[in-house]
Amino acid sequence: REGGSCFFRMHNDDGVTLFGQFEYQEIRKPCRIVYVQRFCDEHGNAGRHPGLPVFPEALHATVDFVVEDEQGTRVTVTFEPAGAVSSEELKAFIETRPSMTVGWTGSFDALEAMTSEAANQA
């Protein structure tokens, strides 16, 4: 819901774990979600990305969903630094964008595989 929040934990096969919070600013069903993402520790205290000591403290995210046909929906994810950032933080964000794209692409590929498998079993 708009004004709501969530707390999350992400981890990978290399043993890297990070925690974060979303603050939902806009939810327009079924086409848009806008939130601010902040990194934090396991107790929800504000913090930095554990692997990127110089990185924006918060990111503004917009996720748009557009139905293309009966078989597919285009999902567009846009991230940008939120609030004031130093030139070093902005540089780190820009340099990290390709890996964020790989991460999102991998997540959506996994989701597509799971939903295709579920559809085939139905």
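Rules used throughout
- Residues numbered from 1 in each chain as written.
- Predicted model: local features only at pLDDT ≥ 70, side-chain atom pairs only at ≥ 80, totals over all residues.
- Heavy atoms only, no water.
- Core = buried A, V, L, I, M, F, W, Y, C linked by side-chain atoms within 4.5 Å.
- Buried < 20%, exposed > 50% of the residue type's maximum accessible area, 1.4 Å probe, protein only.
- Contact = heavy atoms within 4.5 Å.
- Pairing = 2+ DSSP bridges.
- Helix = DSSP H or I, 4+ residues; strand = E, 2+ residues; numbered from the N terminus.
- Axes fitted to C-alpha atoms, helices over the stretch in contact; angles between N-to-C directions.
- Disulfide = S-S within 2.5 Å.
- Salt bridge = Lys/Arg side-chain N within 4 Å of Asp/Glu carboxyl O.
- Expected span 1.5 Å × (residues − 1).
- Bend = angle between axes of the 7 residues up to and from the residue.

Colleague: What is the right way to read the nonpolar core from this model?
Modeller: Among soluble globular proteins, nonpolar side chains are generally buried collectively. Counting 13 residues, the largest nonpolar core has Tyr35, Phe55, Leu59, Phe79 and Phe93 as the members making the most contacts within it. Other than its neighbours up to four places away in sequence, Tyr35 contacts Phe22, Glu23, Tyr24, Gln25, Leu59, His60, Ala61, Val63, Phe79 and Trp104.

Colleague: Mind showing me how you'd approach the sheet that holds strand β2 (residues 17-28) here?
Modeller: What holds strands together in a sheet is hydrogen bonding between their backbones, with the strands either parallel or antiparallel. Taken in spatial order, the five strands of this open sheet run β1-β2-β3-β4-β5, and their pairing is antiparallel. One side of each edge strand has no neighbouring strand; the edge strands of this open sheet are β1 (5-11) and β5 (72-81). Along the sheet, successive strands turn relative to each other by an average axial angle of 30°, direction set aside. Where β1 meets β2, seven bridges bridge the pair, whose relative direction is antiparallel. Note that in β2 the partner of Phe7 across the bridge is Gln21. In this fold helix α1 (residues 87-121) packs onto β3 (32-40), β4 (58-69) and β5, with an angle of close to 160° to the strand it touches most, β5.

Colleague: For this particular structure, what's the right way to read the state of the cysteines?
Modeller: Here is the idea: a disulfide is a covalent bond, and it sits between the sulfur atoms of two cysteines. Applying the stated criterion across every chain yields a total of zero disulfides. Left without a disulfide partner, Cys6 is nearest to the cysteine sulfur of Cys40, which lies 9.8 Å away.

Colleague: Sorry if this is basic, but what is going on with the pattern of salt bridges here?
Modeller: When their charged atoms lie close together, side chains carrying opposite charge are able to pair. One pass over the full model with this rule turns up seven salt bridges. Notably, a salt bridge pairs Arg32 with Asp64, separated by 2.7 Å at the nearest N-O pair. Here Asp64 lies in strand β4 and Arg32 lies in strand β3, a separation of 32 residues in the sequence. Exposure remark for Arg32: the relative accessible area of 23% places this residue in the partly exposed category.

Colleague: How should α1 be read in this particular structure?
Modeller: Note: α-helices contain 3.6 residues per turn, so residues at a spacing of three or four share the same orientation. Over its 35 residues, α1 extends 51 Å from the first C-alpha to the last, a length consistent with the 51 Å expected when each residue adds 1.5 Å. At Arg97, α1 shows its largest kink, close to 40°, and the proline Pro98 lies no more than four residues downstream. For α1, the set of buried residues is Glu89, Ala92, Phe93, Thr96 and Met100. In this structure, the buried side of α1 is in contact with β4 and β5.

Colleague: Honestly, the side chain of Thr62 in this entry has me stumped. Any pointers?
Modeller: Of note, Thr62 is situated in strand β4. The residues contacting Thr62, other than those within four sequence positions of it, are Arg32, Ile33, Val34, Thr76, Val77 and Thr78.

Colleague: So what exactly am I meant to see when it comes to unusual backbone geometry here?
Modeller: Trans peptide bonds make up the majority, and among non-glycine residues the majority have a negative phi. The step from Lys29 to Pro30 runs through a cis peptide bond, and the omega angle for that step is -5°. With respect to the helices and strands, the residue Pro30 is situated in the loop between β2 and β3.

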